[in-house]
Amino acid sequence: MDQNKEITSPEGGLVETKPGIFEIKGFSFLDLTYGFSGATRDNFSYLYSPKEEVAKRRYDFATDLGVNPDKIVQMDLAHGDSIAVVTAQNAFDLTDNDHAHKLAETDAVITNAKGISLFLLTADCLPIIFYDPVKKVLSLAHVGRKGAELNLPVKVVEQMVLKFGSIPSDIVAAIGPAIGPECYEGTDFVGQVEDSLR
């Protein structure tokens with residue numbers, strides 16, 4: 001497959017903006033930089049590849065995306081509904097594999113801090129970006145079956161309202177690449193999440 005072609009899907013699809021970096025078609029803001037890695041970027045988890053290789057991949061991804069790899073906030077996922085408000089004090093070097101820097105047992109982060117980036121590793125679960133372009137509040141959430149059951153997307157919006165004064169109608173959300181309903185048995189948690197965002 002040509003890596004510079006648009007990937008289509010019923011939801012609108014992904015567009016490759018740089019080699020191995022994708023954005024959601026139609027979800028673009030001048031003051032928001034984000035991206036999803038493609039298969040050509042390989043593995044970003046220290047659990048499955050040598051530290052030096054992963055550190056280089058992470059560094060290259062951040063710099064290719066145009067963000068500072070030394071100012072990253074990453075979650076150590078709980079697979080639940082925990083939410084943390086983060087500031088620049090929570091940021092660390094993306095290439096550091098010390099789990100002590102990650103936010104322990106967190107499934108969503110919210111910030112209005114400038115100069116930091118939010119980073120999330122997913123496999124089957126949904127990465128969801130929430131953005132309030134009026135108040136300049138950003139959230140990144142990891143939503144799996146349990147998070148969907150616990151209404152994590154709704155709770156993220158509630159916290160954006162409570163902590164930053166966001167107005168729900170100003171918040172836009174986009175679901176990133178994840179497992180499809182044809183890949184698992186049971187309830188359609190992806191559809192459940194989509195419904196909760198309406």
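Here is what the cut-offs are and how they apply
- Residues numbered from 1 in each chain as written.
- Predicted model: local features only at pLDDT ≥ 70, side-chain atom pairs only at ≥ 80, totals over all residues.
- Heavy atoms only, no water.
- Phe/Tyr/Trp six-rings, centres within 6.5 Å; stacked < 30°, edge-to-face > 60°.
- Buried < 20%, exposed > 50% of the residue type's maximum accessible area, 1.4 Å probe, protein only.
- Salt bridge = Lys/Arg side-chain N within 4 Å of Asp/Glu carboxyl O.
- Helix = DSSP H or I, 4+ residues; strand = E, 2+ residues; numbered from the N terminus.
- Pairing = 2+ DSSP bridges.
- Contact = heavy atoms within 4.5 Å.
- Axes fitted to C-alpha atoms, helices over the stretch in contact; angles between N-to-C directions.

What about the packing of aromatic side chains?
Reasoning step 1: This model, assessed by the stated rule, comprises six aromatic pairs.
Reasoning step 2: Seen from their ring centres, Phe27 and Phe29 are 5.3 Å apart, and the 85° between their planes marks the pair as edge-to-face.
Reasoning step 3: By relative accessible area, Phe27 is classed as buried at 7%.
Reasoning step 4: Each ring, one from Phe27 and one from Tyr34, has its centre 5.6 Å from the other, and the planes form 70°; the classification is edge-to-face.
Reasoning step 5: The structure contains a cluster of three or more aromatic residues connected by ring pairs, namely Phe27, Phe29, Tyr34, Phe36 and Tyr131.

Focus on the pattern of salt bridges
Reasoning step 1: Evaluation of the coordinates by the stated rule reveals six salt bridges.
Reasoning step 2: For the salt bridge of Lys136 with Asp31, the shortest nitrogen-to-oxygen distance reads 2.7 Å. Of the two residues, Lys136 is situated in the loop between strand 9 (126-132) and strand 10 (137-143) and Asp31 in the loop between strand 2 (21-24) and strand 3 (36-37); the sequence distance between them amounts to 105 residues.
Reasoning step 3: One salt bridge in this structure joins Arg41 and Asp64, with 2.9 Å as the shortest N-O distance. Taken as a pair, Arg41 in the loop between strand 3 and helix 1 (51-65) and Asp64 in helix 1 lie far apart in primary sequence, 23 residues in all.
Reasoning step 4: According to the relative accessible area criterion, Arg41 is buried, its value standing at 12%.

Considering the sheet that holds strand 1 (residues 14-18)
Reasoning step 1: The strand order across the open sheet built from three strands is 1-2-3, with neighbouring strands paired in antiparallel fashion. The open sheet terminates on both sides in strands that have one partner only, identified here as strand 1 and strand 3.
Reasoning step 2: Where strand 1 meets strand 2, four bridges bridge the pair, whose relative direction is antiparallel. Looking across to strand 2, one finds that Glu16 is bridged to Phe22.
Reasoning step 3: Strand contacts of helix 1: strand 1, strand 2 and strand 3, with the helix running at about 50° to strand 2, the strand carrying the most contacts.

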